[in-house]
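The lines below spell out each chain.
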Amino acid sequence: MRFYFKQIKTANYKKKLFSKTPMAKEIETEQDFEHQPCPLCNERTLILAEREVEVPYFGKVYLFSMTCNNCKYHKADVESTEQKEPVKYEFDISSEDDMKVRIVKSSEATVKLPHLASISPGPAAQGYVSNIEGILNRVKYQIESAKEMEEDEDGKKNAKNLLKKITRIKWGQERQKLIIEDPSGNSAIISDKAIKSQLRVKVVK
Ligand SMILES: [Zn+2]
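Residues numbered from 1 in each chain as written. Predicted model: local features only at pLDDT ≥ 70, side-chain atom pairs only at ≥ 80, totals over all residues.

Moving on to the environment of Lys-140. Position of Lys-140 relative to the elements: it lies in helix H2 (residues 132–149). For Lys-140, a count of 16 C-beta atoms within 10 Å translates into the label partly exposed. Along the primary structure Lys-140 and Ala-117 are separated by 23 residues, whereas in three dimensions their C-alpha atoms are 9.3 Å apart. In contact with Lys-140, other than residues within four places in its own chain, are Leu-163 and Ile-166. (Helix = DSSP H or I, 4+ residues; strand = E, 2+ residues; numbered from the N terminus. Buried ≥ 20, exposed ≤ 12 C-beta atoms within 10 Å, placed from the backbone. Contact = placed C-beta atoms within 7 Å.)

Strand order in this open sheet of five strands is S8-S7-S10-S5-S12, and the pairing throughout is antiparallel. Every interior strand has two partners, whereas the edge strands, strand S8 (117–119) and strand S12 (195–198), have only one. Between one strand axis and the next, the sheet turns through 15° on average, direction left out of account. Across three bridges, strand S7 (residues 110–113) lies against S8 in antiparallel orientation. Residue pairing for S8: Lys-112 is matched across the bridge by Ser-118. Across the face of the sheet, H2 comes into contact with strand S5 (87–93), S7, S8 and strand S10 (176–182) while running at roughly 105° to S8. (Pairing = 2+ DSSP bridges. Axes fitted to C-alpha atoms, helices over the stretch in contact; angles between N-to-C directions.)

For helix H3 (residues 153–170), spanning 18 residues, the distance from its first C-alpha to its last is 26 Å, which sits close to the expected 26 Å at 1.5 Å a residue. For H3, every residue scored as buried is listed here: Leu-162, Ile-166 and Ile-169. Projected down its long axis, H3 carries its buried residues within an arc of 65°, all on one side. Residues of H3 that are exposed and point more than 90 degrees away from the buried face comprise Glu-153, Lys-157, Asn-161, Lys-164, Thr-167 and Arg-168. Turning to H3, the residues buried within the fold contact S5, H2 and S10. (Expected span 1.5 Å × (residues − 1). Arc of directions from axis to C-beta.)

Okay, the packing of H2 against H3 next. Between H2 and H3, the shortest axis-to-axis distance is 10 Å and the interhelical angle comes to 165°. By the angle between their directions, the pair H2 and H3 is classed as roughly antiparallel. Classified by chirality, the crossing of H3 by H2 is left-handed. Facing Glu-133, Leu-136, Val-139, Lys-140, Ile-143, Glu-144, Ala-146 and Lys-147 of H2, the residues of H3 in contact are Lys-156, Ala-159, Leu-162, Leu-163, Ile-166, Ile-169 and Lys-170. (Parallel < 35°, antiparallel > 145°, perpendicular 65-115°, else oblique. Left-handed = near helix turned anticlockwise from the far one by under 90°.)

Once that is clear, we can look at the sheet that holds strand S11 (residues 188–190). Taken in spatial order, the three strands of this open sheet run S9-S6-S11, and their pairing is antiparallel. Each edge of the open sheet is held by one strand with a lone partner, namely strand S9 (128–131) and S11. Geometrically, the sheet is characterised by an average inter-axis angle of 20° between neighbouring strands, direction not taken into account. Where strand S6 (residues 102–105) meets S11, three bridges bridge the pair, whose relative direction is antiparallel. Residue pairing for S11: Arg-102 is matched across the bridge by Ile-190. On top of the sheet, H2 reaches S6 and S9; it is set at about 100° to S9, its chief contact.

Once that is clear, we can look at the nonpolar core. With 24 residues, the main nonpolar core has Ile-132, Leu-178 and Ile-189 as its most contacted residues. At the level of secondary structure, the elements contributing two or more residues to this core comprise S5, S6, S7, H2, H3, S10 and S11. For this core, the element with the most residues is H2, which contributes five residues. Apart from the residues within four sequence positions on either side, Ile-132 is in contact with Ile-93, Asp-98, Met-99, Val-101, Ile-103 and Leu-178. (Core = buried A, V, L, I, M, F, W, Y, C linked by C-beta atoms within 7 Å.)

What follows is the structure, encoded as structure tokens:
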């Protein structure tokens, strides 16, 4: 995603050089580019936004987002300003306080909540800075949407139980393991309780 931004930025900077910009010292912490071509519908209705944010105990990250006003395409991602190593984080959710634990999750990360749900990486995946509660809310939303589509009674019941489980985890009444694996290294669980290890990346030869 950063590559896409670089292309747009270069094109826009060239334009900027010719228009007179009195601000020579532009601190690049926040930038929006409107009327960009949308990768999905090809209309020039895409808004690109880039923010540079300092995440305590992790470092500086770029937050990117693309939003199309025409086809409603939306993609967000997070990337560290430094090169990072493939990483794995494990965390034991055991209290209400854990809800506030900060999470950096890139679109390349796999989030596993064993016996509950998982979030897969891929082109449609989003990257964001959130907390454990935010992750649980996203999973809750996924299960709720799936439940509405479900026609089978057993499937409905199963979804209902999973939603109850999420509520209990949020209240600190049930323990839950959380695992985040990211080959790009752009993800983290920011807590002393989190166990960080090197992720072994399978190399396809
Ligand atoms: Zn579009």
